Amino acid sequence: MKIILIGAGRLAYQLGRALLTAGHDIMQVYSRTMESARQVADMCGGSPTNRVSEIKGDADVYIVAVKDSAMPELIPQICKGREQKVFLHTAGSVAMDIFKGMALHYGVLYPLQTFSKERDVDFSSIPCLVEANDDFAASAVVDLAGSISSKVWPMSSDDRKQVHLAAIFACNFANHCYTLASDILARHGIPFDIMLPLIDETARKVHSMPPAEAQTGPAMRYDENIIRDQSRSLAYDPLAKEIYDRMSISIHRKAKSND
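This text gives an overview of the structure that appears in the document. It should be emphasised that the depicted structure is a prediction, and the values quoted were computed from it without experimental measurement.

Turning to its location among the elements, Arg82 is positioned in the loop between helix H3 (71-79) and strand S5 (86-89). Expressed as a C-alpha distance, the spacing of Arg82 and Asp42, which sit 40 residues apart in the sequence, is 25 Å. With residues up to four places along the chain from it excluded, the contact list for Arg82 reads Val52, Ile55, Lys56, Gly57, Tyr62, Gln77 and Phe87.

Right under this line is the structure:
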């Protein structure tokens, strides 16, 4: 398909790379800054632009991969004069109907993964959650998703929002805990690498058992002496201390409810 990427962030970079590998034609990349547009265009082909007025009108699909807050202002501009084309966005928590009244054929292509420009990912194993407002858009988004991934999941906007919320806990919050762990270790001159085997084993366990069954640690058995001592040791960072305390309570209550 002939595709125009609207956005040049981490997701757009990796998605553009995957679409190019799958044989699609990335005709153009739009970003607010020419530097960002050029970086993605140099990788996946097409011409860069930082002007909405210069976005071409002859693509098959326009993929909007920008931050959520930018969509309400940007979407009417890119849809105008191109209403017959297929428009897709890539956001987890934005309803498909953000395109309603702006385009005739629209939908969502949401890859459930965390992305960095510096680290290439294998799209073939990434779940791609798709949605469309009509058969024409559905055919386009399913074909696109299927060309880069073996895991294509039709899903409503409401359900996709819940998947995105779950992903916040599983990815963003978990990674923030790694950051807090790194801070604790750094205060004592201990490298974060010491945690990697533990992190890897924890991740491996949930491939073969429910997360609740993989849970261990003092909060699981509510060892009050250890919990109290560790909580006190975080007095230098009240927010980290509060996170520790609340997380310990949550783990213990979840363990009790599963007994």
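Looking now at the pairing of strand S6 (residues 105-111). For S6, a buried count of 7 out of 7 residues is recorded, marking the element as mostly surrounded by other parts of the structure. Of the two faces of S6, the one carrying His105, Gly107, Leu109 and Pro111 and the one carrying Tyr106, Val108 and Tyr110 are both buried. Bridge count between S6 and strand S7 (residues 128-132): 5 bridges; the pairing is antiparallel. Residue pairing for S7: Leu109 is matched across the bridge by Val130.

Turning our eyes to something else, we now look at unusual backbone geometry. The backbone of Tyr222 sits at a positive phi, close to 50 degrees, despite the residue not being glycine. Following the sequence through the fold, Tyr222 ends up in the loop between helix H8 (218-221) and helix H9 (224-233). Taking relative accessible area as the criterion, Tyr222 reaches 31% and is therefore assigned partly exposed.

On to the packing of aromatic side chains, then. What the rule picks out here adds up to 6 aromatic pairs. Note on Phe87 and Phe99: the rings are 6.2 Å apart at their centroids and 40 degrees apart in plane angle, and the pair reads as tilted. Separated by 12 residues along the polypeptide, Phe87 in strand S5 and Phe99 in the loop between S5 and S6 bring together distant segments of the chain. Since its relative accessible area comes to 0%, Phe87 is described here as buried.

Our next topic: the packing of helix H1 (residues 10-21) against helix H2 (residues 34-44). As a packed pair, H1 and H2 sit with axes 9 Å apart at the nearest point and diverge in direction by 20 degrees. On the basis of the axis angle, H1 is roughly parallel to H2. Like other packed secondary-structure pairs, H1 and H2 cross with a definite hand, here right-handed. Between H1, through Ala12, Tyr13, Gly16, Arg17 and Leu20, and H2, the contact on the second element is made entirely by Gln39, Val40, Met43 and Cys44. Broken down by class, the residue content of the contact of H1 with H2 amounts to 6 nonpolar, 2 polar and 1 charged.

Conventions we followed
- Sequence order as written defines the numbering, with residues in each chain counted from 1.
- Reporting of local features is limited, given that this is a predicted model, to residues whose pLDDT is at least 70; pairs of side-chain atoms are given and counted only at 80 or more, and all residues count toward the totals for whole chains, interfaces and linings.
- Just so you know, side-chain values use all the structure's heavy atoms and leave hydrogens and water out.
- Every helix listed is a DSSP run of H or I at least four residues long, and every strand listed is a run of E at least two residues long, numbered separately from the N terminus.
- Only heavy atoms matter for contacts: two residues are in contact if any of them lie within 4.5 Å across the pair.
- With a 1.4 Å probe rolled over the protein chains alone, any residue whose accessible area is under 20% of its type maximum counts as buried; one over 50% counts as exposed, and the rest are partly exposed.
- What makes two strands pair is DSSP finding at least two bridges between them.
- Two aromatic rings from Phe, Tyr or Trp, using only the six-membered ring of Trp, form a pair when their centres are within 6.5 Å; if the ring planes differ by under 30 degrees the pair is stacked, by over 60 it is edge-to-face, and anything between is tilted.
- With axes taken as lines fitted to C-alpha atoms, and helix axes fitted only over the stretch in contact, angles between N-to-C directions fall between 0 and 180 degrees.
- Note on angle classes: values under 35 degrees are labelled roughly parallel, values over 145 roughly antiparallel, values of 65 to 115 roughly perpendicular, and the remainder oblique.
- Should the near helix be turned anticlockwise from the far one by less than a right angle, the crossing is left-handed, and should it be turned clockwise, the crossing is right-handed.
- Residues are grouped as follows: nonpolar covers Ala, Val, Leu, Ile, Met, Phe, Trp, Tyr, Cys and Pro; charged covers Asp, Glu, Lys and Arg; every other residue, Gly included, is treated as polar.

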